[in-house]
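Results of the structural survey
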Amino acid sequence: MEIETHPLEPFLPAKSKLLMLGSFPPQKKRWSMDFYYPNLNNDMWRIYGILFFNDKNHFLNSTLKSFYREQIIDFLNEKGIALFDTASSIRRLQDNASDKFLEVVEATDVAALLRQLPECKAIVTTGQKATDTLRQQFEIEEPKVGDYSEFVFEGRAMRLYRMPSSSRAYPLALDKKAAAYRIMFQDLQILR
């Protein structure tokens, strides 16, 4: 089976307070833009639209067939939100984007990412695969979905938030996903 390496560079704004970690991007044939959470069947940018702009389609272009990449990047820079994934290389055991069929070949060195983000106080994992892969690198108690665990990274007090997956395959309504993310963003004072 082919080993895929991560197709994107880590997105690490200098003043990031939060590092969001998924597991690995879907195959390029499923992308609507060249950035994170590119699949139109993923609700991450709809969750952000609901929470920050009261409009689930805020980051969708007028044809509703792709996301506004530059608008998303500007927003993330302004809010101090970094993005990457917990896997740097994987094997797909089936021809889909499901975490259930991803084999992590090489985990991302999350400590190296955190060293580049001195103001980061929290990590959020979106999905069980991302949470499991991260916890193999750090001594962190696994939080319940929608909650967090506290840990210390090189003398820095941190939180690990375990949020619901933004995949539409995850059996939770969009408004319920957004409600869980709202609490986290309010806790971190990113959303007031």
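Structure's up top.
Residues numbered from 1 in each chain as written. Predicted model: local features only at pLDDT ≥ 70, side-chain atom pairs only at ≥ 80, totals over all residues. Heavy atoms only, no water.

**Describing the sheet that holds strand β7 (residues 147–153)**
- Taking strand neighbours across the sheet as the criterion, the five strands line up as β3-β2-β6-β8-β7 in an open arrangement whose pairing is mixed. Taken across any chain shown, the strands that pair with only one partner, and hence form the sheet edges, are β3 (81–85) and β7. Going from strand to strand, the sheet's axes swing by 25 degrees on average, the running direction of each strand aside.
- Relative to strand β8 (residues 156–163), strand β6 (residues 122–126) is paired through five bridges, and the arrangement is parallel. Within β8, the residue paired with Thr126 across the bridge is Met163. (Pairing = 2+ DSSP bridges. Helix = DSSP H or I, 4+ residues; strand = E, 2+ residues; numbered from the N terminus. Axes fitted to C-alpha atoms, helices over the stretch in contact; angles between N-to-C directions.)

**Concerning the environment of Lys129**
- Following the sequence through the fold, Lys129 ends up in helix α4 (residues 128–135).
- According to the relative accessible area criterion, Lys129 is partly exposed, its value standing at 23%.
- Measuring from C-alpha to C-alpha, the distance between Lys129 and Phe35 comes to 20 Å, with 94 residues separating the pair along the chain.
- Excluding its chain neighbours within four sequence positions, the residues that come into contact with Lys129 are Ser23, Thr86, Asp99, Leu102 and Val104. (Buried < 20%, exposed > 50% of the residue type's maximum accessible area, 1.4 Å probe, protein only. Contact = heavy atoms within 4.5 Å.)

**Here we look at the nonpolar core**
- Residues Trp45, Tyr48 and Phe185 are the most contacted members of the largest nonpolar core, which totals 55 residues.
- In this structure Tyr48 touches Met20, Phe53, Phe59, Phe75, Leu76, Ile81 and Phe185, once residues within four positions along its chain are discounted. (Core = buried A, V, L, I, M, F, W, Y, C linked by side-chain atoms within 4.5 Å.)

**Describing the side chain of Ser88**
- Counting through the fold element by element, Ser88 comes out in strand β4 (residues 87–92).
- Judged by its relative accessible area of 19%, Ser88 is buried.

**A few points about the packing of helix α1 (residues 44–53) against helix α2 (residues 69–79)**
- At a closest axis distance of 13 Å, the pairing of α1 and α2 adopts a crossing angle of 55 degrees. Taken together, the axes of α1 and α2 lie oblique to each other. Like other packed secondary-structure pairs, α1 and α2 cross with a definite hand, here left-handed. Where α1 approaches α2, its residues Trp45, Tyr48, Phe52 and Phe53 are matched on the opposing element by Ile72, Phe75, Leu76 and Lys79.
- Per-class residue counts for the contact of α1 with α2 are seven nonpolar, no polar and one charged. (Parallel < 35°, antiparallel > 145°, perpendicular 65-115°, else oblique. Left-handed = near helix turned anticlockwise from the far one by under 90°. Nonpolar A, V, L, I, M, F, W, Y, C, P; charged D, E, K, R; others polar.)

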